[in-house]
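Residues per chain, in single letters:
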Amino acid sequence: MVGTYWYKNSWRASINTHYLTTTALGFELHHPLFDATILKQGAQLIHFQPKEGEPLFWCADLSTFEKGKAFRGGIPLCWPWFGKAGIPSHGFARIVEWTLLSHVANEEGIKLVFELSDSMTTRAIWPYAFNAHLTMVLGKEVALSLHVKADKESTAALHSYFTCKQIDDVNVTGLGLTYIDALLGGKPCEEVKTPLHVNRAIDRIYTRPDAKTILQEKERTITITHENHSDVVVWNPWLEGSEKLSDMNENDYTKMLCIESARITKPLKCDDRLHVTIHVECRS
Ligand SMILES: O=P(O)(O)OC[C@H]1O[C@H](O)[C@H](O)[C@@H](O)[C@@H]1O
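Residues numbered from 1 in each chain as written. Predicted model: local features only at pLDDT ≥ 70, side-chain atom pairs only at ≥ 80, totals over all residues.

Further remarks concern the overall build of the protein chain. Within the protein chain, the regular secondary structure consists of 2 helices and 19 strands. For 284 residues, the compact-globule estimate of 2.2 N^0.38 gives 19 Å, and the C-alpha radius of gyration of the protein chain, at 18 Å, lies within 12% of that figure. Overall, the C-alpha framework of the protein chain stretches about 50 × 45 × 35 Å when taken along its three principal axes. Out of the 284 residues in the protein chain, the part that is buried amounts to 40%. Residue pairs in contact within the protein chain that sit at least 24 positions apart in sequence constitute 65% of those at least 6 positions apart. (Helix = DSSP H or I, 4+ residues; strand = E, 2+ residues; numbered from the N terminus. Rg over C-alpha atoms; globule rule 2.2 N^0.38 Å. Buried ≥ 20, exposed ≤ 12 C-beta atoms within 10 Å, placed from the backbone. Contact = placed C-beta atoms within 7 Å.)

To continue, consider the UniProt feature "active site" (unreviewed entry) in the protein chain. Following the UniProt record, one finds the feature "active site" (unreviewed entry) at His159 and Glu260. Across 102 residues of sequence, these annotated residues stay compact in space, with a maximum C-alpha separation of 4.5 Å. For His159, a count of 24 C-beta atoms within 10 Å translates into the label buried. Discounting residues that sit within four places of it in the chain, His159 has contacts with Ile75, Pro76, Cys78, Cys258 and Glu260. (UniProt positions renumbered as here; feature names shortened; annotations may be inferred.)

Moving on, we get to the site of the ligand. For the ligand, the full set of nearby residues is Ala70, Arg72, Gly83, Ser89, His90, Ala182, Asp203, Val233, Trp235 and Cys258. Residues that form the shell around the ligand fall into these classes: 5 nonpolar, 3 polar and 2 charged. (Near = placed C-beta within 6 Å. Nonpolar A, V, L, I, M, F, W, Y, C, P; charged D, E, K, R; others polar.)

Bringing the confidence of the model for the protein chain into the picture now. Looking at the protein chain, the pLDDT average stands at 93 and 94% of residues meet or exceed 70. The model gives residues 1–15 a pLDDT under 50, and that stretch makes 16 contacts with residues more than four places away or in other chains. For this predicted complex, the interface confidence comes out at an ipTM of 0.98, alongside a pTM of 0.94. (pLDDT = per-residue confidence, 0-100.)

This part is about the sheet that holds strand β12 (residues 178–181). As summarised here, the arrangement of the 7 strands in space is β5-β10-β18-β17-β14-β12-β13, forming an open sheet in which the pairing is antiparallel. This sheet does not close on itself; its edge strands, each paired only once, are β5 (77–78) and β13 (187–190). Note that strand β17 (residues 231–236) and strand β18 (residues 256–268) share 5 bridges and pair antiparallel. From the neighbouring strand, Trp235 faces β18, where its bridge partner is Cys258. (Pairing = 2+ DSSP bridges.)

Here is the structure:
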């Protein structure tokens, strides 16, 4: 069985509410370096905008938010499984409320630690004891770290929805050459051309990615540094796919690309971690 005592004393949190406001759905953060919004459901970062910069994440209209239903945008956490390996799709972590254990702030940013442990609700879906921490460090960069202690192996993805000005102008490098194509029924494929330029629906699990994925636009470069990952997922439903999604508007698919740090082909062990750090650089 997993105990919850193991980290409770591992770092001392000093509560500083100066930059953080609690709302009905979660938390609004206003810091000299950025503005951000986090939902309690899923401990989901749905908005991050550097001061004088553009929003980093694409996000559906908040009016589409429904308690207990996956909300599209920002960085949903898919856990304890990815995709349709179980019901609900992408696991339950993104549709249940997490507890904010602590937050600390200074001039460099804000660090928040969220916790989710097994309950009657989760055991009815996944019959294992677990304790999960999602640590977010927001400042000049965005860093997310999932630490899971569970009685069972699991799969996971930090399912980032990045904004882009225009998908036609986006190039992605660092994905490696091998991928599983979900649009071809999970067929193993080899990349023939790099960098990746997305001009139709894409749903791929890259299975030997580099440590860094670079999303390059005309005026902005996003560097996504994965740690302890095995896979990187790239998803864009394109027009035909987004038309089937009630929370995406007509042209939204031209303004976003999902690049997800994941542990799918190499599941998380019973005590394991997955990290991502996102760095943005703008050119004027
Ligand atoms: O609509 P959702 O359940 O949030 O999933 C959105 C997408 O997530 C991932 O990227 C999967 O690879 C896709 O197959 C899935 O369609």
